[in-house]
Amino acid sequence: MTGQDRCGAAHPEDPTPCTIPQDAVTVLDGHGGAVPGCEHHGARMAASLNGARIEPGSVVGAATRALTAADRLRPYCWDTTSPRTRPDQLSHAENRAATTTP
Ligand SMILES: [Zn+2]
């Protein structure tokens, strides 16, 4: 796969293919940008960008599912070689668990 046939939310370094359709959600990058994306990459992009939001696209319910998935995804989750020790390297769910555990 070259990457050119993937949705707008697919990060160039993320090797995973899109789910169908490729405009299931709309990802807002927090800086005024908005790109249509598949549910899979929408979740990954939202987990990786600070302040990103997911809005509904062409599939009812996809934005909600992508938000739920993003909560458990680590930022740039396709990067499996970097350390995962700082809060900004962990998922929101992991950070919540860390702050609520005595
Ligand atoms: Zn995609």
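Look a little higher up for the structure.
Fair warning: this is a prediction, and the values are worked out from it, not measured in the lab.

Cut-off values and rules
Residues numbered from 1 in each chain as written. Predicted model: local features only at pLDDT ≥ 70, side-chain atom pairs only at ≥ 80, totals over all residues. Heavy atoms only, no water. 1 Å grid on protein atoms, 1.4 Å probe; cavity = no way out; pocket = protein on both sides within 12 Å on 5 of 7 lines; lining within 4 Å. Points joined across faces, edges and corners; volume = space filled by probe spheres on them. Helix = DSSP H or I, 4+ residues; strand = E, 2+ residues; numbered from the N terminus. Nonpolar A, V, L, I, M, F, W, Y, C, P; charged D, E, K, R; others polar. Pairing = 2+ DSSP bridges. Donors = N, O, S within 2.8 Å, 3.2 Å for Na, K, Ca; no water. Tetrahedral: all angles 85-135°; square planar, octahedral: opposite > 155°, others 65-115°. Buried < 20%, exposed > 50% of the residue type's maximum accessible area, 1.4 Å probe, protein only.

Peer 1: Help me understand the layout of surface pockets, please; the structure alone is not making it clear to me.
Peer 2: Empty space among the atoms becomes apparent when a probe as large as a water molecule is rolled across them. As a volume, the largest pocket reaches approximately 300 Å³. For the largest pocket, the lining is made up of 18 residues, of which Ala46, Ala47, Leu49, Asn50 and His92 are closest to its centre. Those elements that provide at least two residues to the lining of the largest pocket are α1 (39-48), α2 (62-72) and α3 (92-100). Tallied by class, the residues present in the lining of the largest pocket amount to 10 nonpolar, six polar and two charged.

Peer 1: Even after reading the chapter, I still don't get the pairing of strand β2 (residues 34-37), so can you show me in this structure?
Peer 2: In the case of a regular strand, side chains alternate between the two sheet surfaces. The pairing of strand β1 (residues 25-28) with β2 spans four bridges and is antiparallel. Within β2, the residue paired with Val27 across the bridge is Val35. The antiparallel hairpin formed by β1 and β2 contains five residues in its connecting segment, where Gly30 sits at a positive phi of about 85 degrees.

Peer 1: Looking at this structure, I do not really get the coordination of the zinc ion. What am I missing?
Peer 2: Every protein donor of the zinc ion is listed here as Cys7 (SG), Cys18 (SG), Cys38 (SG) and His41 (ND1), and their distances to the metal cover 2.0 to 2.3 Å. Its four donor atoms give the zinc ion angles of 101 to 116 degrees at the centre, a pattern that matches the tetrahedral case. One chain supplies every donor to the zinc ion, and in sequence these donors are spaced C-x10-C-x19-C-x2-H. Of the two residues, Cys7 sits in the segment before β1 while Cys18 sits in the segment before β1, which places them 11 residues apart along the sequence. Each member of the pair, Cys7 as well as Cys18, is classed as buried.

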